[in-house]
Amino acid sequence: MSNIDEKIRQALTEEDKRAIEATGTMRVCLT
Amino acid sequence: MQQIKQDSLNEWLVLRSQRGERDALNELLGNWQQRYFLYALNRLGETEAAHDVTQECLFGISRNLKRLKDPAAFPKWSFRILERRCMDWLRKTVRERKHVDRNVDLPEAWTNDTVEHDMNISRLLAQLEPEIRQVLRLYYLEGQSIMAIAEICQLAEGTVKSRLFYARKFLATKIDK
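No experiment lies behind these values; they were computed from the predicted model shown. (Residues numbered from 1 in each chain as written. Chains lettered and ligands numbered in written order. Predicted model: local features only at pLDDT ≥ 70, side-chain atom pairs only at ≥ 80, totals over all residues.)

Student: So, the domain arrangement of chain B: which residues are in play, and what are the values?
Tutor: Many analyses report the size of an interface as the accessible area lost when the parts associate. All names here are of chain B. Each assigned domain of chain B is listed here: domain 1 (1-98) and domain 2 (101-177). Taken residue by residue, the interface counts 9 residues in domain 1 and 12 residues in domain 2. Put simply, the parts of the chain that give the side of domain 1 that touches domain 2 at least two residues each are α2 (22-44) and α4 (74-92). No other element matches α4, which puts 5 residues into the side of domain 1 that touches domain 2. Residues belonging to the side of domain 1 that touches domain 2 are distributed by class as follows: 3 nonpolar, 1 polar and 5 charged. (Domains from an automatic or database assignment. Contact = placed C-beta atoms within 7 Å. Helix = DSSP H or I, 4+ residues; strand = E, 2+ residues; numbered from the N terminus. Nonpolar A, V, L, I, M, F, W, Y, C, P; charged D, E, K, R; others polar.)

Student: For the packing of helix α7 (residues 130-141) of chain B against helix α8 (residues 146-153) of chain B, give the residues involved together with the corresponding values.
Tutor: Residues and elements named next belong to chain B. One way to put it is that α7 packs onto α8 with a least axis distance of 10 Å and a crossing angle of 135 degrees. In terms of orientation, α7 lies oblique with respect to α8. The handedness of the crossing between α7 and α8 is right-handed. Together, Q134, V135, L138 and Y139 of α7 and I149, I152 and C153 of α8 make up the contact between the two elements. (Axes fitted to C-alpha atoms, helices over the stretch in contact; angles between N-to-C directions. Parallel < 35°, antiparallel > 145°, perpendicular 65-115°, else oblique. Left-handed = near helix turned anticlockwise from the far one by under 90°.)

Student: Give me α8(B): which residues, what numbers.
Tutor: All names here are of chain B. Within the sequence span of α8, burial applies to A148, I149, I152 and C153. Buried residues of α8, viewed axially, fall in a sector of 120 degrees; they line one side. Backbone geometry just downstream of α8 places Q154 in the positive-phi region, at approximately 55 degrees. (Buried ≥ 20, exposed ≤ 12 C-beta atoms within 10 Å, placed from the backbone. Arc of directions from axis to C-beta.)

Student: Got a sec to walk through the interface of chain B and chain A? Specific residues and values, please.
Tutor: With 24 residues of chain B at the contact, the number on the chain A side is 17 residues. It is α2(B) that contributes the most residues to the side of chain B that touches chain A, 8 residues altogether. Tallied by class, residues from the side of chain B that touches chain A come to 12 nonpolar, 9 polar and 3 charged.

Student: Explain the environment of B:L25 residue by residue, including any values.
Tutor: All names here are of chain B. Residue position: L25 is located in helix α2. Measuring from C-alpha to C-alpha, the distance between L25 and S62 comes to 7.4 Å, with 37 residues separating the pair along the chain. For L25, the contacting residues outside a window of four places in its chain are S17 and S62.

Here it is, written out as structure tokens:
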């Protein structure tokens, strides 16, 4: 994976972490 | 190796769920729901809407899972369901109307030299159109192939490739400045 690919992946992962911190974890019960 | 293990577990859970084992279905959906939620949140930009769409998607999966012939195709198949739910929501939301235009032009930032230089890649990513970010997420975070992304998003493979190409080019240009 090239440097730019790795940077994009890391940035998206960090973005998800911040989103989880801001919104909490998703929990849905289907049963 | 870790990915192969996860794929195998996933396929095993799909097969057990298709046989009607409720605990397997709960585990399967539990493993995926956060990823669906984050995709929907990125797509819709609203927490409540992302929760609603994710929930609809999970119900859709549980209702239709028995029709899935290839358990290995579960990620692509389920993201296709999720993307359809996202598109339904976007179509119903007038202020998000521009998001449903599949013939979206390249973001102005790609061609506009006056865009403020910013070394922060997250901020650069935020400048990209939702349609571009959607492809980036599926490719980099979900590990989907070009062909799979094309099916999930109902795009031509060439469009997926060009969105990836331009996103990389845009980011590389800004970072190298």
